[in-house]
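What the coordinates show
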Amino acid sequence: MTVKYTKDHEWIRLDGDVATVGITGYAQEQLGDVVFVEVPEAGSEFELGAEAAVVESVKAASEVYAPLTGEIVEGNQAIVDDPSLVNSDPEGEGWFFKMKLSDPSQLDDMLDDAAYRELLAELG
Amino acid sequence: MAAATVGDSFADRHIGPRRDEIDSMLDVLGVSSLDELVSKTVPPSILKPGGYEAAPMSEAQALARLRAMADRNVIAKSMIGMGYSGCHTPPVILRNVLENPGWYTAYTPYQAEISQGRMEALMNYQQTIIDLTGMELANSSLLDEGTAAAEAMTLMHRVGKAKGDSLFVDARCHPQTISVIETRAAPLGIPVVVGDPFTDLQSGLGETYYGIVLQYPATDGAIRDFRAVTEQAHEAGALVTVAADLLSLVLLTPPGEWGADIVVGSAQRFGVPMGYGGPHAAFMAAKDAFKRSLPGRLIGLSIDSRGKPAYRMALQTREQHIRREKATSNICTAQVLLANIAGMYAVYHGPDGLTRIAQQVQRLTAALAAGLKAAGVSLANDSFFDTLTAGLGDKAAADEVIARARAENINLRDFGDGRVGISLDETTDAADIAAVLSAFGAPGASVDMDAPGGIPADLARTSAFMEHPVFHSHRSETAMMRYLNKLEGKDLALNRAMIPLGSCTMKLNAAAEMIPITWPEFGQIHPFAPADQVQGYKEMIDDLERMLCEITGFDAVSLQPNAGSQGEYAGLLVIRAYHLARGDSERNICLIPSSAHGTNPASAVMAGMKVVVVACDDHGNVDVADLKAKAEANKDNLAALMVTYPSTHGVFEEAIEEICEIVHSNGGQVYMDGANLQAMVGLCRPGTFGPDVSHMNLHKTFCIPHGGGGPGVGPIGVKSHLAPYLPSNPVVASGGDETVGAVSAAPWGSASILPISWTYIAMMGGEGLIRATQMGILNANYIAKKLAGTYDCLYTGKHGFVAHECILDTRPLKDEYGITVDDIAKRLIDYGFHAPTMSWPVAGTLMVEPTESEPKEELDRFIEAMIAIAEEAKKVGAGDWPADDNPLVNAPHTVDVVTANEWAHAYSREQAAFPVPGLYQAKYWSPVGRVDNVYGDRHVVCTCPPLEAYQDAAE
């Protein structure tokens, strides 16, 4: 399974034509303790770059963008019920939504693991 | 009049440092005089002292002058209604809250630990609103009923799912509410249709209208059953807002019980004087599902470091200081002092007391209705709570009745079309009813206090309200006095210590300035009272407008905006109207530097503008090259630049004139955010160096107290080309000829607190104002210099000086010792201080603004505390104390923790509570340990906690 990243600190894990999307460990550290999450409903469709989910800590609020174009298969109800999962396991149990991709070739423009690490190194 | 003798003037009392201390402070800075300091702080091209030249008055002279003005106001029995009612402020609340600096000098409760008292009071207010409206959630106040209804308009838009994009407004809403909604809707492109909800909503719900706004009871007094309308709206996916009268809800089925989605209104008649329009607290109650979209501040319950209940402001991510252009509203300052008075009025009267008051009002209204009918007067409404509307047929007949009532010193409402309105309140008695009957041509008619009717049987309230013990426990004056004192004692206000909040200007609110606001001649005046009864107000307002024009260099002033954020919004509306009048309908880009207050982008969005962010350079100044590029790129649609001056970084930017010139040459107008006007008064005038419009925070620079989070007054000053567009009022002639409309409900906003600023300016005189500004700059630079080396000042001007505030870099303590800015802020509580502004405008830093009013002794005490804290941090770094058990991370220390039998910490109890000897003289104990923000936002509770919550925690 490939894992790719965006410059907005989201990760995408592709399994067939379904991508699981979440925010990276770096992103959750920057936010601090997450207190609220809103995830999209199954069936809703998003264009690449559209606001698909919301994540809030006490001091910051941020949108989670659809990293690719597609239809939502599932939003993660577990993080809605317990937002702390986003902090404790951001790249596992703390995933945000799964989407069926319209154009898997969009993945080619994403950062791979090495490129994302490089980005983090630049941010210090 | 000759100037008061030196050493005896008010200015000498207002300014903290003594004259013999100033030289030593100047020595610390290496300058020889205040003039030299100023010449090295303010750019020479804009430094032009003067403008306002009047000699100072003494306190006695100013009060006598104001008394003469007050005496020209006529206190009549107001029966005008329209959302403003006479009421009795219980004297125990008047003396212990409204006239008490422990309540009125506090700041917004951002630092939760030292604000527990007023947050408990605000919880009582929220609970009162929740219970009376029958809703699930209420915020802790908005600015007035009109703006609350306008906020409901946008809230329904955010949360609604209907297709329609128009708003339907009940024609029987108060006229000023309709005006404020229309003003707010225009730039957002929301079409507003005003009509009869029973006949004009046969079609269009959902499809056309996403929401409706109703008034309950109607502005003419009728109580209408909206159940069917509400049901139809919901079936069509539209939302329903109800503007309601709070006292009527004691007797009426609350809107929450018949399906309202949002309920707004004014809490004025709960003990707050009418004050010629304000300030009063408005409320907004809503369904719980809307809580993340609600505008304004919300007090919530959380726990502290001991696991005990503690209050805090909840869900702050909704607000402008975090969300900026995506915020739910631009509101920041609310009406805390007035909300607390209203909440305490409810606490003091309890549900039975409120019921008695409401029943008395209703029975008198019924008696009046019976008397009028017996006299052959036709009434427009046969259902009523406190208001009747009589149809006299023609205007001449109505005028005659109104004139006869006026002769009896009673003001009735003139609809202008042959209808006359009569509104009763808790101050009305049988003699007033007899006088009204006489005015209607029925002298000597009997007043039947047992007259039936008024409230439709199926709209009579059946549910209980205010069952929480707090509404049953403080009913004797002794109990109430002690409750108020207990809450006050939990909080840290200016009567206890300096509140060095950068950008907030927590200066002295002198007693002489505060005295006039509770004079009945200012308090008991209805905002729509006839002109001949408000001559004193007019004189004071005209004089204050003149003073503000002279001080700022602007040509005209509008006092209508009720807060700085409203001033921003009003100023941008004026700019928008100016462009539209010139046919520039495409000008909608607003340039905003990245360092701006969060309100700026939030206000720009409300004014229908698109925000383009301008970068700042490494010194924190506006990046002029970036500004130029963006202004030129948008030259065909540039509307405005919003620029704070001196900058939010506390520096007089040298390039300000060039910045204004760039914007003007590209067709834009310059809006100056006046948050930092404090640094300029008397030294330079924004109206002379480029800005076209600016707001002034009278609650910062001009001494109106912060009230624990409001009231505020945010007038705007404009150059003459913008004067035609100034805000107006639909009832009272005011504002410009081509006005943008009403931005708030009352013509002169919060008129009753304007005497505070008038008195301050009059007592300081031109020279005194200059000296205050100089001393504000001296105090800030003194702190910056004394702390240099321990905490470096992040930004300074060309000669190394700051303006009236300084940003202290506390980040090295985090990097080197792991001590966060939060730890420092909370540890300052143990030292008896309110923390400076935290993490704004630069994350991880503290911004300090001492103001001119702080004595040198207090500045030195603060400096001592800050240095002692740095020493403590070093010990953590050196390993003397563990990173997770030291006086900083455990701060603030409560008395129960320090005095417990068990003490298992790595430092002493004395170190915890009395780290410097001065604390043995006066010690402020934090009532709670560090408040857990995360817990509070994960478990949102915004109602009064049951008493068991405290018992459980104690066990």
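Only a predicted model underlies this, so the values are computations on that prediction, with no experimental measurement involved.

Here is what the cut-offs are and how they apply
- Residues numbered from 1 in each chain as written.
- Chains lettered and ligands numbered in written order.
- Predicted model: local features only at pLDDT ≥ 70, side-chain atom pairs only at ≥ 80, totals over all residues.
- Helix = DSSP H or I, 4+ residues; strand = E, 2+ residues; numbered from the N terminus.
- Rg over C-alpha atoms; globule rule 2.2 N^0.38 Å.
- Buried ≥ 20, exposed ≤ 12 C-beta atoms within 10 Å, placed from the backbone.
- Contact = placed C-beta atoms within 7 Å.
- Pairing = 2+ DSSP bridges.
- Axes fitted to C-alpha atoms, helices over the stretch in contact; angles between N-to-C directions.
- Parallel < 35°, antiparallel > 145°, perpendicular 65-115°, else oblique.
- Left-handed = near helix turned anticlockwise from the far one by under 90°.
- Nonpolar A, V, L, I, M, F, W, Y, C, P; charged D, E, K, R; others polar.
- Core = buried A, V, L, I, M, F, W, Y, C linked by C-beta atoms within 7 Å.
- Expected span 1.5 Å × (residues − 1).
- Arc of directions from axis to C-beta.

Across its full length, chain A holds four helices and nine strands. Reading chain A from its N end, one meets helices and strands in the order β-β-β-α-β-β-β-β-β-α-α-β-α. A compact globule built from 124 residues should have a C-alpha radius of gyration of about 14 Å, and chain A, at 13 Å, falls within 12% of that. Classification of the 124 residues of chain A by burial places 39% in the buried group. Long-range pairs, those at least 24 residues apart, make up 61% of the contacts in chain A between residues at least 6 apart in sequence.

Bringing the overall build of chain B into the picture now. Looking only at helices and strands, chain B has 30 helices and 25 strands in total. In terms of C-alpha radius of gyration, chain B reaches 28 Å, essentially the compact-globule figure of 30 Å for 955 residues. For chain B, the spread of C-alpha atoms along the principal axes amounts to about 85 × 70 × 60 Å. In chain B, buried positions account for 62% of the 955 residues. Restricting the contact set of chain B to residue pairs at least 6 apart, pairs at least 24 apart contribute 79%.

Turning next to the sheet that holds strand β11 (residues 378-379) of chain B. Residue and element names in this part refer to chain B. Reading across the sheet, the five strands line up as β1-β13-β14-β12-β11 and stay open at both edges, with mixed pairing between neighbours. Of all strands in the sheet, those with a lone pairing partner are β1 (77-79) and β11, marking the two edges. Both strand β12 (residues 387-391) and strand β14 (residues 419-423) contribute to a ladder of five bridges, which runs antiparallel. When the bridges of β14 are listed, threonine 389 appears paired with glycine 421. Packing against the sheet, helix α14 (residues 430-439) makes contact with β1, β13 (410-414) and β14, and its axis sits at approximately 55 degrees to β13.

All names here are of chain B. The N-to-C vectors of helix α23 (residues 754-787) and helix α26 (residues 856-878) enclose an angle of 30 degrees; their axes lie 10 Å apart at closest approach. Judged by the inter-axis angle, α23 sits roughly parallel to α26. Seen from above, α23 lies across α26 with right-handed handedness. Here α23 contributes Asn779, Tyr782, Ile783, Lys786 and Leu787 to the contact with α26, which in turn contributes Leu859, Phe862, Ile863 and Met866.

In this complex, chain B contributes seven residues to the contact, which on the side of chain A involves nine residues. Going through the elements one at a time, α11 (320-323) and α29 (933-938) of chain B are the ones with two or more residues in the side of chain B that touches chain A. At four residues, the largest contribution of residues to the side of chain B that touches chain A is made by α29 of chain B. Here the side of chain B that touches chain A is built from residues that sort into two nonpolar, two polar and three charged.

Looking now at the packing of helix α21 (residues 624-633) of chain B against helix α22 (residues 656-665) of chain B. Residue and element names in this part refer to chain B. In the contact formed by α21 and α22, the axes pass within 9 Å of each other and the chain directions differ by 10 degrees. Taken as axis vectors, α21 and α22 run roughly parallel relative to one another. Residue-level inspection shows Val624, Leu627, Lys628 and Ala631 of α21 in contact with α22, the latter providing Glu658, Ile659, Ile662 and Val663. Residues belonging to the contact of α21 with α22 are distributed by class as follows: six nonpolar, no polar and two charged.

What follows deals with the nonpolar core. Within the largest apolar cluster, 323 residues are counted, with the highest numbers of intra-cluster contacts made by Val213, Phe283, Met284, Ala342 and Val574 of chain B. Top contributing element to this core by residue count: helix α12 (residues 336-374) of chain B, with 21 residues. When residues no more than four places from it in sequence are discounted, the contact partners of phenylalanine 283 of chain B are Ile129, Ala138, Ser141, Leu142, Ala148, Val264, Gly265 and Ala267 of chain B. Residues Ala19, Val21, Val64 and Tyr116 of chain A belong to the second largest nonpolar core, which totals 30 residues.

Let us now look at the sheet that holds strand β2 (residues 10-15) of chain A. All names here are of chain A. The strand order across the open sheet built from six strands is β1-β2-β3-β9-β8-β5, with neighbouring strands paired in antiparallel fashion. A strand with exactly one partner marks an edge of an open sheet, and here the two such strands are β1 (2-5) and β5 (45-46). Two strands pair when backbone bridges link them, and β1 and β2 are joined in this way by four bridges, in the antiparallel orientation. Directly across from threonine 2, in β2, lies its bridge partner leucine 14.

On to helix α7 (residues 116-133) of chain B. Helical periodicity: at 3.6 residues per turn, an α-helix aligns residues three or four positions apart in one direction. Helix length check: α7 of chain B (18 residues) gives 25 Å between terminal C-alpha atoms against 26 Å at 1.5 Å per residue, within 8%. In terms of burial, α7 of chain B is largely enclosed, as 18 of its 18 residues are buried.

This part covers α22 of chain B. Residues and elements named next belong to chain B. Of the positions making up α22, those classed as buried are Ile656, Ile659, Cys660, Ile662 and Val663. The buried residues of α22 occupy an angular sector of 155 degrees when the element is viewed end-on, so they sit on one face. The elements touched by buried residues of α22 are α21, β18 (638-644) and β19 (669-673). One or two steps after α22, the chain reaches glycine 667, where phi turns positive at roughly 90 degrees.

Residues and elements named next belong to chain B. Burial of strand β9 (residues 299-303) is extensive: four of the five residues sit out of reach of the surface. As paired strands, β9 and strand β10 (residues 309-313) are joined by five bridges and run antiparallel to one another. In the sheet register, leucine 301 faces β10, and the bridge partner there is tyrosine 311. Here β9 folds back onto β10, and the loop between the two strands holds five residues, one of which, glycine 307, carries a positive phi near 85 degrees.

Before going further, it helps to examine the environment of valine 86 of chain A. Residue and element names in this part refer to chain A. Here valine 86 shows up in helix α3 (residues 84-88). Through-space distance from the C-alpha of valine 86 to that of valine 34 is 6.8 Å; in sequence the pair is 52 residues apart. Ignoring sequence-local partners within four residues, the contact set of valine 86 consists of Ile23, Gln28, Val34, Val37, Val55, Ile79 and Gly94.

On to the environment of proline 309 of chain B. Among the secondary structure elements, proline 309 of chain B is positioned in strand β10. Put simply, proline 309 of chain B and methionine 466 of chain B are 157 residues apart on the chain and 21 Å apart in space, counted from C-alpha to C-alpha.

A few words on unusual backbone geometry. Residues and elements named next belong to chain B. Cis peptide bonds are those with omega within 30 degrees of zero, and the linkage from glycine 710 to proline 711 qualifies with 20 degrees. Along the chain, tryptophan 840 connects to proline 841 via a cis peptide bond; the corresponding omega equals 0 degrees. Relative to the helices and strands, proline 841 resides in the loop between β24 (837-838) and β25 (846-848). A positive phi angle is found at arginine 324, which is not glycine, with a value near 50 degrees. With respect to the helices, strands and loops of the structure, arginine 324 is situated in the loop between α11 and α12. Positive phi, close to 80 degrees, is recorded for serine 503, a residue that is not glycine. Tracing the backbone through its elements, the reader meets serine 503 in the loop between α15 (477-490) and α16 (511-514). Overall, the presence of 21 C-beta atoms within 10 Å leaves serine 503 in the buried class.

Take the pairing of strand β6 (residues 239-244) of chain B next. All names here are of chain B. Counting buried positions over the six residues of β6 gives six, a clear majority of the element. Here β6 shows a buried face lined by Leu239, Thr241 and Ala243 and a second buried face lined by Val240, Val242 and Ala244. By the bridge criterion, six bridges tie strand β5 (residues 209-216) to β6 in an arrangement that is parallel. The residue bridging tyrosine 216 from the neighbouring strand is alanine 244, located in β6.

Mapped onto the elements of the fold, aspartate 860 of chain B is located in helix α26. Note: C-alpha distance between aspartate 860 of chain B and isoleucine 783 of chain B (77 residues apart in sequence) is 8.2 Å.

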